[in-house]
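Chain by chain, the residues:
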Amino acid sequence: MYINAHTYFSLRYGTLSVEQLVAWARQQGVKQLALTDIHSTSACYDFVRLCREAGIDPVVGMEFRNGDELLYIALARNLHGFREINAFYSQVAHREEDFPSLPPYWNDVYVIYPWERKDHVSLSEHEFLGIRPSQVRQLLRSRYRHRPDHIVMLQPLTFLDKRGHNMHRLLRAIDHNILLSKLMKREQAREDEYCLPPDQLREAFADYPEIIRNTEQLLSQCSFPFVFEQRRSRQSFTGGKYEDMLLLEKLALEGLERRYGKHHREAHRRLKHELEIIDQLDFNAYFLITWDFVSYGQSRGFFHVGRGSGANSITAYCLGLTDVDPIQLDLYFERFLNPKRTSPPDFDIDYSWQDRDAVIDYVFKRYRHSHTAMLATYNCFRGRASIRELGKVFGLPKREIDKLVASRKGLGPKQDLDKMSRQVLHYASLLEGFPNHLSVHAGGILISEEPMHSFTATDLPPKGFPITHFDMYVAEEVGLHKFDVLSQRGLGHIRDGVDIVQENQGKSINIRRVEDFKVDPEVKKLLAEARTVGCFYIESPAMRGLLTKLQCEDYLTLVAASSVIRPGVARSGMMRSFIERHNGRLFTYPHPKLKELLGETYGVMVYQEDVIKVAHGFGGLGLAEADMLRRAMSGKTRNKNTFQLLEEDFLTSCKAQGHDMAVSQEIWRQIASFAGYSFSKAHSASFAVESFQSLYLKAYYPLEFMTAVINNFGGFYDTEIYLHEARMWGARVHPPCVNESRYLTCLKGQDMYLGFVHLKDLESKLAKEIAVERQRRGPFRSLIDFARRLPIGEEQLTILARIGAFRFTGRTKHQLLWDIQLHVKRPKGPQQADRLFADDTQKFSLPVTNGNRLEDAYDEMELLGFPLCSPFSLVPNLPADCVPHQALPERVGQTVRMLGYMICVKTTKTVKGDAMQFANFLDPEGAMFDVTLFPPEVKKYPFVGRGVYLLAGKVVKEFGHYSLELQEMKKLLFQRDPRQADVA
């Protein structure tokens with residue numbers, strides 16, 4: 001009956017979720033239903049699954065438009081027809097062209113044209129005209145009146161009711177970026193596109209029973225016999241599954257000898273066990289494909305880290321996919337892959353953000369674009385963004401929109417809102433969760449056995465890698481297993497650090513010598529002292545505090561720290577218990593077996609694997625069953641009934657092991673409070689490996705390493721703090737210089753020259769061209785020489801002069817600015833556009849002016865965002881009775897005053913819901929220290945941006961970590977810019 005249904009995956013058009021659409025059809029007794037979202041196949045598989053559950057025959061297709069003009073509707077007769085539709089859409093969409101007014105000749109697709117095109121198309125056997133109930137009277141004057149064999153009922157399903165129609169109009173206004181009052185009829189659906197019940201639809205065509213029969217017959221000839229959860233990823237790597245098995249075994253055994261030597265019996269036993277399960281579950285190709293693109297990256301010199309549960313696999317370790325030794329860490333393979341696991345395995349392979357796209361490009365070319373695609377994610381309408389979009393559509397001024405956003409956040413009164421504002425909030429709540437547009441998954445790649453268009457249409461984002469129309473959850477249902485090729489700034493730090501050492505010192509570093517780094521005394525010292533700013537995952541104030549409390553200097557403790565710092569573990573109180581026990585507090589194990597299982601972590605469950613250990617080693621469950629328990633208890637899937645059954649199974653198994661019921665119940669309580677928030681040990685171990693690589697570079701090549709951190713623009717802190725850290729290690733930091741600097745920050749011995757990229761208003765093209773021109777034709781001789789050699793305007797030249805980029809000339813900043821004003825020759829036409837200065841420069845006698853460091857600091861704050869001098873030097877009359885961080889051990893329990901330059905503030909909620917803050921500061925000597933603000937102080941002393949603060953509080957010590965509990969706080973103002981004082 002219905003050949004043109006839309007869901008809200010008809011982006012910024014449809015208003016119905018898939019569930020709403022199918023529920024309505026079921027309620028109305030609909031037997032056949034066609035989903036034809038506009039340029040989208042996102043909802044197809046959920047639609048098919050839900051229709052089958054509801055006893056409805058699903059038909060899938062697509063609606064094609066150019067802008068607001070409906071061209072035709074395509075219905076797939078079968079799976080091949082679905083592939084034809086997907087391929088056609090994708091081909092046109094990738095080229096960013098309009099769709100042709102007539103579709104191609106399809107073998108297995110029916111085409112329905114809107115009635116309005118009846119005089120412009122000649123119908124073939126598989127083509128029809130769709131006529132709406134409101135258009136039936138037009139048949140009386142039509143040439144199709146006596147031969148309606150190619151006419152079908154066309155009742156679009158776009159909204160349920162008047163409210164749905166309103167939502168549709170709002171979505172259309174958002175899509176067109178116009179006021180709702182400016183939305184034209186042709187830009188929106190007709191008001192009759194509501195869900196018209198079947199009896200009313202039949203009544204509208206009562207005089208034309210042939211049209212009703214045509215529609216029913218058309219739908220009956222369409223089917224979508226798709227089988228879910230059938231393996232559809234690439235089936236083999238070599239071309240044959242047996243050959244895959246032999247190749248994987250060969251590569252793994254070769255890697256085993258490299259990693260463990262020839263006679264490691266436990267490694268051989270575990271590898272044989274894993275290879276049997278991998279072959280049994282038909283994942284040989286999955287391992288080999290991952291090995292293939294990792295090997296490609298290694299051949300290009302790309303540095304990678306394999307993390308996630310894949311690090312539980314000794315096969316992955318031997319193949320070089322990870323650098324985590326599962327035997328050393330007692331990791332269970334079943335956490336990654338086991339016969340009872342229904343979801344596919346998952347490797348997370350991280351590359352530097354600079355290298356990832358090259359690896360992805362290899363995967364697409366190696367396994368063919370036609371069989372490869374990136375996963376999509378759904379970017380949905382959410383909260384504040386929805387309010388802002390709707391506010392613009394309703395024509396509210398920005399001030400009113402900001403007020404609405406504040407009211408939603410609880411920062412403003414709602415009772416003062418007018419009718420229109422309340423409407424905005426009302427419809428924003430209705431739009432919550434509606435898909436807005438497709439985005440690209442962080443790194444999920446699908447490689448299919450059949451062409452990708454057998455399963456989905458694809459779009460082509462700017463990076464040039466096609467994306468599916470469905471997300472990872474649908475992909476799993478379809479039977480397509482993703483490969484995660486991810487990017488990470490921390491790896492960029494390491495990769496670039498190695499390259500900068502080679503350039504600056506001529507030394508080549510093998511950064512994969514992780515086992516050597518773990519026992520290196522300088523690395524261990526750096527870790528124990530928590531001097532980890534810039535180092536991946538261990539640089540935040542909270543992590544540095546934890547490292548100090550644990551006196552962490554070894555790999556296993558760092559692995560544990562990487563897990564206990566996670567919010568779930570910390571909130572459960574287990575982090576506190578772990579720190580206390582690590583520092584020697586006496587405790588007892590609930591059962592001797594737990595000492596054997598959890599002795600490494602003092603009886604505290606720290607990792608997801610600990611749940612498996614306890615369920616298997618104490619509860620007696622098999623490893624596969626133990627992992628099933630862990631997965632079932634995760635925060636995403638836990639429900640009350642499942643939880644009850646799990647508890648009964650666990651306690652029954654414990655009883656069969658002869659354990660005391662009270663002890664078993666206590667252990668179950670610990671598992672239950674932890675399992676949903678736990679962190680994979682393999683994941684923590686992967687992070688720790690990368691941390692040690694960063695630590696090694698910082699311990700032995702700190703300036704090169706900090707330069708790499710600055711150039712990758714990713715880390716916990718801002719560039720200003722990383723520059724400070726570089727100074728603490730001996731760097732001489734210089735502002736950009738046209739004869740020394742590059743686009744990125746560079747290091748020459750101990751001299752660090754800031755890159756032009758850091759100048760806020762400098763044009764990117766010019767910033768990149770300066771070093772290129774200098775390399776091509778030699779150093780710049782003067783400001784005039786610079787301006788003659790590069791196409792630069794007065795404004796850009798002034799920026800460079802103000803930051804001191806021409807200081808090599810010996811002229812002061814004021815003189816240089818006068819040079820620009822006196823000698824600049826304004827271009828009058830195209831022929832002079834490349835000349836900024838006249839050929840004959842006149843000589844002027846200028847007054848001598850001395851440089852002013854305060855003026856320089858204000859220029860730096862404006863152009864860089866921070867001063868290059870000590871911020872404390874900008875505050876006049878600093879108090880003299882303040883103690884540095886170094887003196888805190890002598891003042892424990894005392895109230896002291898401290899000066900601090902604010903770095904960052906973290907706000908959390910107490911059990912009562914009050915705000916509590918943890919702040920991090922630099923003292924005048926350059927040391928970092930922590931300050932805690934309890935709820936009363938948070939309310940009384942709000943932070944007012946970065947700057948120097950006078951702090952008073954009580955010095956506290958916790959396991960060797962010193963901090964300040966705030967009692968009073970005042971921000972100290974910088975000395976005024978002298979140029980502003982002159983103006984005043």
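Above this note sits the structure.
Residues numbered from 1 in each chain as written. Predicted model: local features only at pLDDT ≥ 70, side-chain atom pairs only at ≥ 80, totals over all residues. Heavy atoms only, no water.

Participant: Would you mind going over the overall build of the chain with me for this structure?
Facilitator: Within the chain, the regular secondary structure consists of 37 helices and 20 strands. For a compact globule of 984 residues, the expected C-alpha radius of gyration is about 30 Å, and the chain comes in at 34 Å, within 12% of that figure. Summarising its shape, the C-alpha atoms of the chain cover approximately 100 × 90 × 65 Å along the three principal directions. Of the contacts formed within the chain by residues at least 6 apart in sequence, a portion of 69% connects residues at least 24 apart. Here the chain has roughly 43700 Å² of accessible surface; of this, 49% comes from carbon and sulfur atoms. The averaged location of the 122 negative side-chain charges in the chain is 3 Å from the averaged location of its 127 positive side-chain charges. (Helix = DSSP H or I, 4+ residues; strand = E, 2+ residues; numbered from the N terminus. Rg over C-alpha atoms; globule rule 2.2 N^0.38 Å. Contact = heavy atoms within 4.5 Å. Areas by Shrake-Rupley, 256 points an atom, 1.4 Å probe, with all protein chains shown as cover. Lys, Arg positive; Asp, Glu negative; His and termini not counted. Charge placed at Lys NZ, Arg CZ, Asp CG, Glu CD.)

Participant: What's the story with the sheet that holds strand 13 (residues 732–734) in this structure? I'm lost.
Facilitator: Sheets are built from strands paired through backbone hydrogen bonds, the pairs being either parallel or antiparallel. Strand order in the open sheet made by the three strands is 13-15-14, with mixed pairing throughout. In this open sheet, the two strands that pair with only one neighbour each are strand 13 and strand 14 (746–748). Ignoring strand direction, the axes of neighbouring strands in this sheet form an average angle of 25°. One ladder, built from three bridges, connects strand 13 with strand 15 (residues 751–753); its direction is parallel. Paired with R732 across the bridge in strand 15 is D751. (Pairing = 2+ DSSP bridges. Axes fitted to C-alpha atoms, helices over the stretch in contact; angles between N-to-C directions.)

Participant: It is not clear to me how the nonpolar core should be interpreted in this structure. Could you clarify?
Facilitator: The nonpolar side chains of a soluble globular protein tend to be buried, and buried together. Residues F786 and L800 are the most contacted members of the largest nonpolar core, which totals 101 residues. It is helix 28 (residues 681–700) that contributes the most residues to this core, nine residues altogether. With residues up to four places along the chain from it excluded, the contact list for L800 reads F756, L759, L762, I770, F786, I792, A805 and F806. F82, A93, L196 and I212 belong to the second largest nonpolar core, which has 94 residues in total. (Core = buried A, V, L, I, M, F, W, Y, C linked by side-chain atoms within 4.5 Å. Buried < 20%, exposed > 50% of the residue type's maximum accessible area, 1.4 Å probe, protein only.)

Participant: What's the story with the environment of P871 in this structure? I'm lost.
Facilitator: Assignment of secondary structure puts P871 in the loop between helix 35 (853–863) and strand 16 (895–909). Residue class for P871 comes out buried when judged on its relative accessible area of 11%. Among all residues touching P871, those that are not within four sequence positions of it are Y901, V948 and F974.

Participant: How should the packing of helix 28 against helix 29 (residues 702–712) be read in this particular structure?
Facilitator: Helices that pack against each other are described as a pair by the angle of their axes relative to one another and the distance between those axes. Relative orientation of the contacting elements helix 28 and helix 29 amounts to 125°, with a least axis distance of 5 Å. It follows that helix 28 is oblique to helix 29 by the angle criterion. For the pair formed by helix 28 and helix 29, the contact residues are S694, L697, K698, A699 and Y700 on the first element and P702, F705 and M706 on the second. Class assignment for the residues of the contact of helix 28 with helix 29 results in six nonpolar, one polar and one charged. (Parallel < 35°, antiparallel > 145°, perpendicular 65-115°, else oblique. Nonpolar A, V, L, I, M, F, W, Y, C, P; charged D, E, K, R; others polar.)

Participant: Which parts of the structure should I look at to understand unusual backbone geometry?
Facilitator: The bulk of non-glycine residues show a negative phi, and the bulk of peptide bonds are trans. Non-glycine residue R368 carries a positive phi angle of around 75°. Here R368 lies in the loop between helix 11 (356–366) and strand 10 (372–380). You can call R368 partly exposed: its relative accessible area is 47%. Phi angles above zero are rare outside glycine, and Y537 is one such case at about 70°. Note on placement: Y537 falls in the loop between helix 18 (521–528) and helix 19 (541–550). According to the relative accessible area criterion, Y537 is partly exposed, its value standing at 23%.

Participant: Where do I start with helix 7 (residues 241–260) in this structure?
Facilitator: An α-helical turn contains 3.6 residues, so a residue and the one three or four places further along point in the same direction. Over its 20 residues, helix 7 extends 28 Å from the first C-alpha to the last, a length consistent with the 28 Å expected when each residue adds 1.5 Å. Inspection of helix 7 places D244, L248, L251, A252, G255, L256 and Y260 among the buried residues, and these make up the whole buried set. Axial view of helix 7: buried residues confined to an arc of 145°, hence all on one face. Looking at helix 7, the residues exposed on the side facing more than 90 degrees away from the buried face are Y242 and R258. Buried-residue contacts for helix 7 involve helix 8 (265–280), helix 9 (284–299) and helix 10 (314–319). Backbone geometry just downstream of helix 7 places G261 in the positive-phi region, at approximately 85°. (Expected span 1.5 Å × (residues − 1). Arc of directions from axis to C-beta.)

Participant: Before we go on, may I ask you to explain the side chain of T36 in this structure?
Facilitator: Tracing the chain through its elements places T36 in the loop between strand 2 (32–35) and helix 2 (44–54). Under the relative-accessibility criterion, T36 is labelled buried at 0%. Looking at T36, its side chain comes within polar contact range of the side chain of N4, at 2.7 Å. In this structure T36 touches I3, N4, A5, H6, G61, M62, E63, I73, A74 and L75, once residues within four positions along its chain are discounted. (Polar contact = N/O pair within 3.5 Å; in protein donor to acceptor, adjacent residues only side chain to side chain.)

Participant: Which parts of the structure should I look at to understand the sheet that holds strand 11 (residues 435–447)?
Facilitator: Pairing is mixed across the open sheet formed by five strands, whose spatial order is 8-9-12-11-10. Either end of the sheet is taken by a strand with one partner, and the two such strands are strand 8 (304–307) and strand 10. Taken over all neighbouring pairs, the strand axes of this sheet differ in orientation by 40° on average, direction set aside. Of the strand pairs in this sheet, strand 8 and strand 9 (residues 348–352) are connected by four bridges, and their pairing is antiparallel. When the sheet's bridge partners are listed, V305 is paired in strand 9 with D350.

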